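# Summary of structural features
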Amino acid sequence: MSVDEGLDHNGEYSTAENVEDFRINIAEVNRRIASAAERVGREPGEIELLPVSKTVPQERIRAAVAAGCHKLGENKVQEAFRKSDEMADLDIDWAVIGHLQSNKARDVAKFASEFQALDRLKVAAALDRRLEAAGRSLDVYVQVNTSAEESKFGMPPEELLGFLRELPQFPTLKVQGLMTLAVFSSDIDRVRTCFQRLRTLRDQAQETDPELIGSGKLSMGMSGDYEVAIEEGANCVRVGQAIFGRRALPDSYYWPENG
Ligand SMILES: *Cc1c(COP(=O)(O)O)cnc(C)c1O
């Protein structure tokens, strides 16, 4: 596989079928993470690679786990919950990274260790109630819409501080930082602007309300743009296709507003 394979914005990602394929793809992503970090004088160790396994069937996920993945991101609760059950024999931490309806909070409270798409108080309240009953806590990222009119998920930037100030009433939710999806564009400057917005919001929150934003991590960047995200300060990159291979379902299935 040539060095540039696996990161084509048009989706020419090589599909990993077995443990060795996964080792190769993961090593390549880690190599790119390290060089992006190096370009801006950051430590690769401060960047978490979160493999995103949505749509990937159990057999291939098992190979990924054997290749070293112990935390996996999934966009849809139902799918994640089913997989956590099917693979209960494995040691996997599940991160739900997609939009959540408050009536699914109960499922998330059962199996997830992290939720990255918190953007409404109603969902926070529903999660807290279920988590408290289960005697559990949940790491959360607050999702911010940094691409303005182009996405309906994530809260408007101007509402972030007010939202963070409400969260301490939900003690089972452990705020880790902020999450965003950049605009879907091949124009790298527009993508970069989204990441910069998230970083600026984090910096402002750390100024005014440091106790409300945990360690202030930034979850941003996916297969097509994680190197740019790292240059702009990402602490968690959510990478699916560059590790697992191209998805058959179009992204509009996950982000209907872009379809
Ligand atoms: C699918 C998904 C990703 C990963 O996208 P890839 O193109 O597969 O890297 C990241 N974040 C969210 C919220 C996703 O749903």
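Each value, and the rule that gives it
- Residues numbered from 1 in each chain as written.
- Predicted model: local features only at pLDDT ≥ 70, side-chain atom pairs only at ≥ 80, totals over all residues.
- Heavy atoms only, no water.
- Helix = DSSP H or I, 4+ residues; strand = E, 2+ residues; numbered from the N terminus.
- Buried < 20%, exposed > 50% of the residue type's maximum accessible area, 1.4 Å probe, protein only.
- Contact = heavy atoms within 4.5 Å.
- Core = buried A, V, L, I, M, F, W, Y, C linked by side-chain atoms within 4.5 Å.
- Near = heavy atom within 4 Å.
- Polar contact = N/O pair within 3.5 Å; in protein donor to acceptor, adjacent residues only side chain to side chain.
- Areas by Shrake-Rupley, 256 points an atom, 1.4 Å probe, with all protein chains shown as cover.
- Nonpolar A, V, L, I, M, F, W, Y, C, P; charged D, E, K, R; others polar.

All right, on to the environment of Asp 128 then. Note on placement: Asp 128 falls in helix α5 (residues 121-134). We classify Asp 128 as buried; its relative accessible area is 8%. Discounting chain neighbours no more than four positions away, the residues touching Asp 128 are Gln 169, Phe 170, Pro 171, Thr 172 and Leu 173.

The next subject is the nonpolar core. Ranked by internal contacts, the top residues of the largest apolar core, which has 73 residues, are Phe 115, Leu 118 and Leu 127. Leave out the neighbours within four places in its chain, and Phe 115 touches Val 96, Gly 98, Leu 100, Val 123, Leu 127, Leu 138, Asp 139, Val 140 and Tyr 141. Judged by nonpolar contacts, the second largest core, of seven residues, contains Val 52, Tyr 141, Met 179 and Cys 236.

With that out of the way, let us pick up the site of the ligand. The environment of the ligand is made up of 13 residues, and the closest members are Lys 54, Asn 75, Ser 223, Gln 241 and Arg 247. Within the contact set of the ligand, an oxygen atom lies 2.7 Å away from a side-chain nitrogen or oxygen of Asn 75. Take Gln 241: an N or O atom from its main chain is 2.8 Å from an oxygen atom of the ligand. When the ligand sits alone it has 390 Å² of accessible area, and the protein chains cover 98% of it. Its residues assigned to classes, the shell around the ligand comprises six nonpolar, four polar and three charged.

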